Amino acid sequence: MSQAHKKIGDIMLKVEDISLSFGGVRALSGVSFDVREHEILAIIGPNGAGKSSMLNVINGVYHPQEGAITYKGSTRKQMRPHQAAKQGIARTFQNIALFKGMSTLDNIMTGRLLKMRRNFLWQALYWGPAQKEEIENRMVCEKIIDFLEIQAIRKTPVGRLPYGLQKRVELGRALAMEPDLLLLDEPMAGMNVEEKEDMCRFVLDVNDEFGTTIALIEHDMGVVMDISDRVMVLDYGRKIADGSPDEVRADQEVIDAYLGVSH
Amino acid sequence: MFYREAGQFKASYAADQSIFPIAQDRFGVLVILAVAFVFVPLVANEYWLRSILTPFLIFSLAALGLNILTGYAGQLSLGTAGFMAVGAFAAYNLQIRIPEIPFILDFVLAGLIAAAVGILFGLPSLRIKGFYLAVATLAAQFFLEWLFTRVGWFTNYSSSGVITAPPMVMFGFEFSGAQSRYLLTLSIVAVLALAAKNMVRSEIGRAWMAVRDMDVAAEVIGIRLLHTKLLAFAVSSFYCGIAGALWAYVYLGTVEPQAFDIFRSFEILFMIIIGGLGSILGSFLGAAFIVLLPIVLNNVSSIFAGGTLSAHTLSHLELVIFGSLIIFFLIVEPAGLARLWQIAKEKFRLWPFPY
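About the cut-offs
In this convention, every chain numbers its residues from 1, walking through the sequence in written order. To label them, take the chains in the order written and letter them from A, then take the ligands in the order written and number them from 1. For this predicted model, a pLDDT threshold of at least 70 governs which residues receive local features, and a threshold of 80 or more governs which side-chain atom pairs are given and counted, while totals over whole chains, interfaces and linings are taken from all residues. Calculated side-chain values reflect all of the structure's heavy atoms, with hydrogen atoms and water omitted. Patches here are clusters of residues that have more than 30% relative accessible area and form no salt bridge, with a 9 Å joining cutoff for like charges and a 5 Å cutoff for nonpolar side chains (Val, Leu, Ile, Met, Phe, Trp, Tyr). Computed with a 1.4 Å probe, the accessible areas rest on the Shrake-Rupley method; for each residue, only the protein chains presented here act as cover. Whenever Lys or Arg places a side-chain nitrogen within 4 Å of a carboxyl oxygen from Asp or Glu, that contact is recorded as a salt bridge. Here a helix means four or more residues in a row that DSSP labels H or I, a strand means two or more in a row labelled E, and each is numbered from the N terminus. Remark: exposure states derive from per-residue accessible area (1.4 Å probe, protein chains only) relative to the maximum for the residue type, with buried under 20%, exposed over 50%, and partly exposed in between. Pairs of strands are assigned from DSSP output, requiring at least two bridges between the strands. Axis definition: a line fitted to C-alpha atoms, limited for helices to the stretch in contact. Angles are taken between N-to-C directions and run from 0 to 180 degrees. In what follows, residue pairs with any heavy atoms lying within 4.5 Å of each other are defined as contacts.

Draft legend 1. Representation of a nonpolar patch on the surface. Residues and elements named next belong to chain B. A grouping of Phe27, Val31, Val35, Val38, Phe39, Leu42 and Val43 is seen on the molecular surface, where their side chains present a nonpolar patch of about 700 Å² in accessible area. Along the chain, the position of Val31 falls in helix H2 (residues 23-43). Assessed through its relative accessible area of 38%, Val31 is described here as partly exposed.

Draft legend 2. Layout of the pattern of salt bridges. Residue and element names in this part refer to chain A. Evaluated as defined, the whole model comprises 24 salt bridges over all chains. Ionic pairing is found between Lys72 and Asp180, a salt bridge with its closest N-O pair at 2.4 Å. Residue Lys72 is located in the loop between strand S4 (66-71) and strand S5 (74-76), and its partner Asp180 is located in the loop between helix H6 (163-176) and strand S7 (181-185); the two are separated by 108 residues in the primary sequence. Across the pair Glu142 and Arg138 runs a salt bridge, and its minimum N-O distance is 2.8 Å.

Draft legend 3. Quick peek at the sheet that holds strand S2 (residues 25-36) of chain A. Residue and element names in this part refer to chain A. Here four strands make up an open sheet; going across it, the order is S2-S1-S4-S5 and the pairing antiparallel. A strand with exactly one partner marks an edge of an open sheet, and here the two such strands are S2 and S5. Taken pair by pair, the neighbouring strands of this sheet meet at an average axis angle of 15°, ignoring direction. Bridging between strand S1 (residues 11-22) and S2 involves eight bridges; their strand directions are antiparallel. Within S2, the position partnered with Phe22 by the bridge is Val25.

Draft legend 4. Expanded view of the environment of B:Gly241. Structurally, the position occupied by B:Gly241 is in helix H10 (residues 225-252). For B:Gly241 and B:Ala73, which are 168 residues apart along the polypeptide, the C-alpha to C-alpha distance reads 18 Å.

Draft legend 5. Molecular detail of the environment of B:Gln179. All names here are of chain B. Relative to the helices and strands, Gln179 is located in helix H7 (residues 178-200). For the pair Gln179 and Ala243, spaced 64 residues apart in sequence, the C-alpha separation works out to 18 Å. In contact with Gln179, not counting residues within four places along its chain, are Pro41 and Leu49.

Right, here's the structure in full:
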C-alpha cells in the first residue's frame, strides 16, 4: 500500500498534558500528542515507558490526575471504559484478554454487544426480533471471521487455540465493535515471522478497507517503521519524539533512550 | 455410531444457531419430554412422584438459578436458600393477603420480589469478587432467615413460626394429587429451563460469561459491569424464588424458615459444582446426583446386604459411598457431569474408531 493514496484527515483524538501516577510512581508526565483520522500511529519506547498506561488512559481504564483528552470534538477528563466503547474506541490487550470459556464466534459476537438493542426478556424467548438481531449480528461477525481467515476455528473454545490465533481472535473481537479508533497493545508480541506478517497485513487492511484509525504499541522496530505513518516515542513517562518513521529513527534522543548513553 | 452430525448441513445462520442443531439431540429432548410428561405420570407411583421426582425438579430449578449467577456470570453466592425463602414467603403472603390473585401469578410475583431482593444483595458485587462476595451473600442468607423467623408479619403471626400453604386452585381445579403437582412443577421447570437456555446463548449470556472470564476486557467492549452483574442476580433470584415457592406449596405444604437454612444453600452449590458450572444440563444432572443417588444407594444396599448388615451400618455405609462417589467424580472430571456427558458424546461420534 503506498502512502500517497492514503487520505489522512483531521485530528481525531487530542491528548493534552496527561499526567498519571500510581501513589509515588509517576507513569506519565505531561504527555501531549494527537491522532489523525485514518492514520496508523505507533507508540514505542523502552519497557516501563508508559505506553500501555497511555492506551489505558485513552479508553478510560485509568483516570489521569491531570490533563484532558479531546475525542471527536468533545473534551473529557474522566470516562468509564464502556463509555469509551460507546464512542467507538476499541482495543486489544498485551496479555491476551479473551473470554476463555467461550468459542471464537461467541468471543467475536461479544464485540457486537453495543449494537444489540433487544432486552433480556426478548432474548429469553429467542424469537422474532431477538432472533433476527442475533442473525444479523452473526452475519457481521462471519464477515470478520472471513477477513481474518479463522473460519476453521469459529466453534473452537478460545482456550484451546495457539497464541497467534488467540491474538487474531482478539483483533476480531475489537473489529466487531466497528470502531473508529482501534488501540492495539503489542499485537505482534511473541509471534513468529509468518504470524507477524499475517498480523501486519490485517492491520494494514483494516486501516485501508475500513478507514479505521489505529494507534499501536509495538517493539519490533522493523514492523513499526514499515507500517506506521507516524511514530511517537515515550521514555520514563515523557514524550521524547514524535514524527515520521524516518525522522524518529534519526532522532538523537531516541537513539540514546534505546541504546543508552555513556556518561 | 448413531450420534453423528455427518450429512446434516446448515444452509442458514438460523439453523446453525438453533437450540439443538443436531437432529439426534432434538429427538432425544423430545423423547425425554414425552417420557416426563406422559409416561412417568402414568407409571410412577405416588411415592416416586411426591417424594423423589418433584423435589428433584424443584432442586433443578434452584440449581439452574444459581448456575446462571455462579456458573455463567461468575458471581459466587451462598444466599440461594435465602432467596428461595423470599419466594416462598412472598407467595404465601400474597395469597393470604390478596386471595383474588391466581396462585400461578403469585408465583411469578414472588419470583419478582425475590429478584428485587437479589438485586439489593447483589450490589456489593461491584466492589468485591470471589470468596469475599460469597461471604457478602452469606449475610443475605442469615439476614433473610432471621427476618422470616423473627418478624411475625411474614408468617401471619403464626405461633409456631410455620406457614401452611393454602390450596392451589386454578380454573376451579385444585392441584392436590401427586400427579397434578408433579405436572405443574414439570411445566414450570421446563418453561424456565428453556428461557435460561435461550438467555445464555444470546447477548445477555455472552455478557455474563464475558464478565466471568475477564471483567476488564468486558468493560472495554462496552459491557456495564454493575448492570450486567445485577441482572444476573435478578434473574438468578427469580429462579430461586420460584423454586422456593414451589418447595413450600408443592413439596412441603407447611414450611418453617429453617427449611431454607445455610445447608440448603450449600446443597445447591454442590449440585452445580458436581453437575457442571456454566451448563444448563449440569444443573439437572447435579440435582439428580444429590437427590437421586442416596435413594438409589439405599435401594441397592438393601437388596444386596439387607439381611446381613444392621440398618445403622447400612445407612452409614451409604453415606460413605455417597461421599466417595462425589470425590471420585470431582477427580475424574472437575468440570462436572455435564462435561463428562460432552466427552462421552464426542467419543460416540467416532465410535467404533479411536479417532
